[in-house]
Amino acid sequence: TKRMFDVVLAGCVPVVVSFDTAWGSGVSWWRTNGAPIEWSLPFPRVIDWRRLAIEVPSTVFQDAGGFMQAALSVPKAEREAKRRYILEVRQHLLYDLEGTRVRDAFSLIMEEVASSLHALGVGPRAWVCDKTPRQFITKDIPASLDLNSDTGTQKEWGHTWSEASCLPAALWRNAAANYAGENIPFDKGTFFSSSMERFITSHLVEGEQGTRLLLRSLHRFQAKSEIEEQEYLAMSRFTACVIAKVPHACHDYLNDRNGGTQVFLCSLGNPEGPEILPVPSTICRLSPAPASLTSAVGKLGWRPLGGGGAKIELVTHVCNVSNSLEGTPEDYASVYEVAWNSLLANELLPPGVELQTVAYEVCAPAEGNYSDLLPAGIGQLTDHNRYLREPVRGTHAMQEHLLSMLYSARDGDSGLADIWILMPIGLAQVAPGHWVTPAGSGPWHFLRVTAVALSRLGHVPTRSGGDTSGRKWLFVLHYHFPDAGFPNLCEVYSAHFRSKCPVPEEIAESKLALVAFPRALLQSLTLAEWELVSTLQMPGNQKAFSFVFALLMHHVDPGQLLTVPMGE
């Protein structure tokens, strides 16, 4: 808090309670297994914070009178040395408004920025974001304190990490690399790599009429060294990581016991002895490569379709196609081929329109296929093990796809689609070549309604890049049954943002089946928002997709939302 800086600027010697921590330098002034000093205080490379403070170990602080006794027992010569050092470094915590040559706080901030820019090098930078959900326990303050009012609650965090934090890839290190040297139960010299994941195009299918399918499957691999890990991260413009099994950190708290108030010391909560700290594990998902039609045509030798019509990209997810558990990629592609060509034949779309479908395979591999993918010892880590065995959620894959499109738009990719269609409801094969949603509808049904609506509104340009109006419209197909009890579309958004949810009330209780939007809307989206969305990886396909929908709604022009209810 500000109190530390007030004490130092006043020339006084601060007295702090020190805790053991599994992270960084191994010493925290916050709590057991809390953030180490160098993560908590500014300019640790310039100011030696331990040199200027008197540290009272938490074990001494817990004894009656121990704190005062420890503080007063520091020799006078040591106290004076600390005061001299404070007078030497406190200028670094001031802002020099007179413009002298003192290295003030602003100067040090600029030095840190310059150092980071130098470490980044030149060219497009790769960005890595970590996610560790911040879980905590809330306890009531004991009534025996008798403060004549509602005494409120105490909060105990489960760990020291923030929910989402981001760094340039050149500066990022996995969780195991941040473990403290002497407090860890494993050899610090051992490299504990992250589990890397990336969607890679496994099948490329082109129908007789030119409809294309890029089927993408999730591949997992591990780096053999820190250098190799950095190389993997550098090849992706964005990487979202999940940190599992970090050491538990907690606060001491007050408790009602035997008619009085007692202090519960979390550091003494394990009667069997010190906690055996698990190796923190990190799973990183590298952003998929862009899938623009131009790059696909160039790399695969596909012929450009005649007419130069509008390019539409459908993004969805599917289960077990490439391993023949549910048909073949060719069978799956034919579903979209037939549907699309029927729309063209019936002149429901302008001639020459091209369709590309990017489908992400999101089912987990069969049992037993994980032995070569898991890091050593991961089998004993329940949370991490469950994460790997859960199917990859289709909405997360679509979020990552949109983010890669945003990077492509920023970098001036001329091969971007004119219109994107996102379909969050996966298809399953109920008979050979017959793919339907859980509600029994085939993709042709969604595409037909979408094509007719967009064509009548004049939203489908006659040629690629032909829409220069800049209109940011959003088309939505949704199931609207008032008594169905669908989760509110604003639920997840309101849990993460303070701003008003932009979803109109009349569709807030709906279930989304499909959304479509133009290139102009994509280009108006904010990279930081979508990097956060990809990092959070919210549970549940529909809830996660409702968050995507709410963020899209923020950028829609007034009067440019078109909603079509299904089943009414």
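Remember, predicted model here, so these are calculated numbers, not experimental data. (Residues numbered from 1 in each chain as written. Predicted model: local features only at pLDDT ≥ 70, side-chain atom pairs only at ≥ 80, totals over all residues. Heavy atoms only, no water.)

A. The pairing of strand β13 (residues 281–286), seen in detail. Within β13, 6 of the 6 residues are buried, which leaves the element mostly enclosed by the surrounding structure. Side chains Ser-281, Ile-283 and Arg-285 of β13 all project onto a buried face; the interleaved residues Thr-282, Cys-284 and Leu-286 project onto the opposite face, where all are buried too. As paired elements, strand β8 (residues 195–206) and β13 share 4 bridges and run parallel to each other. What sits directly across from Ser-195, in β13, is Ile-283. For strand β10 (residues 238–244) and β13, the ladder comprises 6 bridges, and the chain directions are antiparallel. For Thr-239, the partnering residue across the bridge sits in β13 and is Leu-286. (Buried < 20%, exposed > 50% of the residue type's maximum accessible area, 1.4 Å probe, protein only. Helix = DSSP H or I, 4+ residues; strand = E, 2+ residues; numbered from the N terminus. Pairing = 2+ DSSP bridges.)

B. The state of the cysteines, seen in detail. Inspection of every chain in the model, using the stated rule, returns 3 disulfides. Paired by a disulfide, Cys-241 and Cys-284 hold their sulfur atoms 2.1 Å apart. Note on the Cys-241 and Cys-284 pair: the S-S dihedral is about 105°, so by sign convention the disulfide is right-handed. Residue Cys-241 is found in strand β10, and its partner Cys-284 is found in strand β13; the two are separated by 43 residues along the sequence. A residue is classified by how much of its surface remains accessible, and Cys-241, at 0% relative accessible area, is buried. The residue that forms a disulfide with Cys-490 is Cys-501, at a sulfur-sulfur distance of 2.1 Å. Between Cys-490 and Cys-501, the S-S torsion sits near -80°, and that sign places the bridge as left-handed. On the criterion of sequence distance, the pair formed by Cys-490 in the loop between β19 (474–479) and α14 (491–496) and Cys-501 in the loop between α14 and β20 (511–518) is long-range, its members being 11 residues apart. (Disulfide = S-S within 2.5 Å.)

C. Spatial organisation of the packing of helix α10 (residues 329–345) against helix α13 (residues 443–456). Closest axis-to-axis distance for the α10/α13 pair is 9 Å, and the angle between their directions is 30°. Of the possible angle classes, the one that applies to α10 and α13 is roughly parallel. In this structure, α10 meets α13 at a crossing whose hand is right-handed. Facing α10, whose interface residues are Val-335, Tyr-336, Ala-339, Trp-340 and Leu-343, α13 presents Pro-443, Trp-444, Leu-447, Arg-448 and Ala-451. In terms of residue class, the contact of α10 with α13 is made up of 9 nonpolar, no polar and 1 charged. (Axes fitted to C-alpha atoms, helices over the stretch in contact; angles between N-to-C directions. Parallel < 35°, antiparallel > 145°, perpendicular 65-115°, else oblique. Left-handed = near helix turned anticlockwise from the far one by under 90°. Contact = heavy atoms within 4.5 Å. Nonpolar A, V, L, I, M, F, W, Y, C, P; charged D, E, K, R; others polar.)

D. Up close: the side chain of Thr-282. Along the chain, Thr-282 falls in strand β13. One polar contact links the side chain of Thr-282 to the main-chain amide nitrogen of Ala-175, over a distance of 3.3 Å. If sequence neighbours within four positions are ignored, Thr-282 has contacts with Trp-172, Asn-174, Ala-175, Ser-194, Ser-195, Cys-241, Val-242 and Ile-243. (Polar contact = N/O pair within 3.5 Å; in protein donor to acceptor, adjacent residues only side chain to side chain.)

E. Seen up close, the packing of aromatic side chains. Scanning all chains against the criterion turns up 8 aromatic pairs. Residues Phe-61 and Phe-67 carry aromatic rings whose centres are separated by 5.6 Å and whose planes lie at 85° to one another, so their mutual orientation is edge-to-face. Here Phe-61 falls in the partly exposed class, since its relative accessible area comes to 42%. Accessibility expressed as a relative area gives 25% for Phe-67, which makes it partly exposed. (Phe/Tyr/Trp six-rings, centres within 6.5 Å; stacked < 30°, edge-to-face > 60°.)

F. Focus on the sheet that holds strand β9 (residues 212–222). With mixed pairing, 12 strands are arranged side by side in an open sheet as β7-β4-β10-β13-β8-β9-β15-β14-β16-β20-β19-β21. With one partner strand each, in any of the chains shown, β7 (164–168) and β21 (561–566) form the two edges of the open sheet. Each neighbouring strand pair of the sheet contributes to a mean axis angle of 20°, computed without reference to strand direction. Two strands pair when backbone bridges link them, and β19 and β21 are joined in this way by 6 bridges, in the parallel orientation.

G. Expanded view of the environment of Tyr-360. Positionally, Tyr-360 belongs in strand β15 (residues 354–361). The exposure class assigned to Tyr-360 is buried, which follows from its relative accessible area of 0%. For the pair Tyr-360 and Gly-426, spaced 66 residues apart in sequence, the C-alpha to C-alpha distance is 9.7 Å. Apart from the residues lying within four places of it in its own chain, the contact partners of Tyr-360 are Phe-199, Arg-216, Pro-288, Val-315, Thr-316, His-317, Val-318, Ala-397 and His-401. At 2.7 Å, the side chain of Tyr-360 and the side chain of His-401 are in polar contact.

H. Just helix α12 (residues 394–410), in detail. With 17 residues, α12 should reach 24 Å at 1.5 Å per residue; the first-to-last C-alpha distance of 25 Å fits that figure. For α12, the buried fraction is high: 15 of the 17 residues fall into the buried class. (Expected span 1.5 Å × (residues − 1).)

I. Region of the structure containing the nonpolar core. Leu-474, Val-503, Phe-517, Trp-530, Phe-549 and Leu-552 are the most contacted members of the largest nonpolar core, which totals 50 residues. Sort the elements by how many residues they give to this core and helix α17 (residues 541–553) lands first, with 9 residues. Ignoring anything within four residues of it in the chain, the contact list for Phe-517 reads Leu-402, Asp-418, Ile-419, Trp-420, Leu-422, Trp-473, Leu-474, Leu-522 and Leu-552. Core analysis: the next-biggest nonpolar cluster, separate from the first, contains 41 residues, Trp-340, Leu-349, Leu-427 and Ala-513 among them. (Core = buried A, V, L, I, M, F, W, Y, C linked by side-chain atoms within 4.5 Å.)

J. Representation of the confidence of the model for the protein in the model. Overall, the predicted model of the protein reaches an average pLDDT of 77, with 77% of residues at or above 70. Across residues 293–306 the pLDDT falls below 50, and counting only partners more than four positions away or on other chains, this stretch makes 29 contacts in the model. With pLDDT under 50 throughout, residues 365–390 is counted as low confidence; its partners more than four residues away or in other chains account for 39 contacts. (pLDDT = per-residue confidence, 0-100.)

K. Structural context of the pattern of salt bridges. Overall, the coordinates contain 14 salt bridges when judged by the stated rule. A salt bridge links Glu-226 to Arg-173, with the shortest nitrogen-to-oxygen separation between them at 2.6 Å. Here Glu-226 is found in helix α8 (residues 226–234), whereas its partner Arg-173 is found in the loop between β7 and β8, with 53 residues between them in sequence. Note on Arg-173: relative accessible area 33%, which makes it partly exposed. A salt bridge links Asp-418 to Arg-519, with the nearest nitrogen and oxygen atoms 3.2 Å apart. Taken together, the positions of Asp-418 in the loop between α12 and β16 (419–422) and Arg-519 in helix α15 (residues 519–524) put the pair 101 residues apart, joining distant regions of the chain. Accessibility assignment for this pair places Asp-418 and Arg-519 in one class, buried. (Salt bridge = Lys/Arg side-chain N within 4 Å of Asp/Glu carboxyl O.)

L. Seen up close, the sheet that holds strand β2 (residues 27–28). Spatially, 3 strands are ordered β2-β1-β3 in an open sheet, and the strand pairing comes out mixed. Lying at the two open borders of the sheet, with one neighbouring strand each, are β2 and β3 (54–57). Pairing analysis gives 4 bridges linking strand β1 (residues 15–20) to β3, with the strands arranged parallel. For Ser-18, the partnering residue across the bridge sits in β3 and is Pro-57.

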